Amino acid sequence: MSETTVTVEPSAAEGSCCGSCGTGAAAAPAATTAERTVLQVAGMTCGHCVGAVTAELEKVAGVTGVAVDLATGRVTVDSTGPLADTELAAAIDEAGYDLVGRVDA
C-alpha cells in the first residue's frame, strides 16, 4: 500500500483563519470615524469629581467614552464626531467644574 500526502493551501480569495499564525492575511481593522478631544478641567480633586465629570460628559450626544486623569486635570473625550465647546463646557459646568480649554493632543 502506498502513502499519499495531500497539501491544502488556502486560496488568495479566502485567506486563512484569522491570520494570527502568520499563514494568511489578517482581517483589516474596522474603519472608525471616532474623534478624540482632550480638555483641561479645573477644580477636580478626588474620585467623586472624576465620577461627576464623567457622568455629565457621557450625557452629551455622540460621546462614546470619557477618561479623566485626575493628577493633570486632563479629560479625554472620545466621540463619533466633532463636539462643540459650548456643549462640553455646559456638561462640565453642570458637574460643578470649569473647562479651561482644549489641549492639543
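Asker: Break down helix α1 (residues 47-58) for me, with residues and values.
Answerer: Compared with the 16 Å implied by 1.5 Å per residue over 12 residues, the 16 Å span of α1 between its first and last C-alpha is a close match. Among the residues of α1, those classed as buried are Cys-49, Ala-52, Val-53, Thr-54, Glu-56 and Leu-57. Contacts made by the buried residues of α1 are with β2 (63-69), β3 (74-79) and α2 (85-95).

Asker: Tell me about the state of the cysteines, residues and numbers included.
Answerer: Going through the model one piece at a time under the given rule, you end up with zero disulfides. For the unlinked cysteine Cys-46, the closest cysteine sulfur is that of Cys-49, found at 3.6 Å. Judged by relative accessible area, Cys-49 falls into the buried class, the value being 4%.

Asker: Account for the packing of α1 against α2, naming residues and giving values.
Answerer: Between α1 and α2, the least distance of the axes is 8 Å, while the angle of their chain directions is 140°. Considering their axes alone, α1 and α2 lie oblique with respect to each other. Read as a crossing pair, α1 and α2 show a hand that is right-handed. Listed contacts from α2 to Ala-52, Val-53, Glu-56 and Leu-57 of α1 are Leu-88, Ala-91, Ile-92, Glu-94 and Ala-95. A breakdown of the residues in the contact of α1 with α2 according to their chemical character gives seven nonpolar, no polar and two charged.

Scoring rules and cut-offs
Residues numbered from 1 in each chain as written. Predicted model: local features only at pLDDT ≥ 70, side-chain atom pairs only at ≥ 80, totals over all residues. Heavy atoms only, no water. Helix = DSSP H or I, 4+ residues; strand = E, 2+ residues; numbered from the N terminus. Expected span 1.5 Å × (residues − 1). Buried < 20%, exposed > 50% of the residue type's maximum accessible area, 1.4 Å probe, protein only. Contact = heavy atoms within 4.5 Å. Disulfide = S-S within 2.5 Å. Axes fitted to C-alpha atoms, helices over the stretch in contact; angles between N-to-C directions. Parallel < 35°, antiparallel > 145°, perpendicular 65-115°, else oblique. Left-handed = near helix turned anticlockwise from the far one by under 90°. Nonpolar A, V, L, I, M, F, W, Y, C, P; charged D, E, K, R; others polar.

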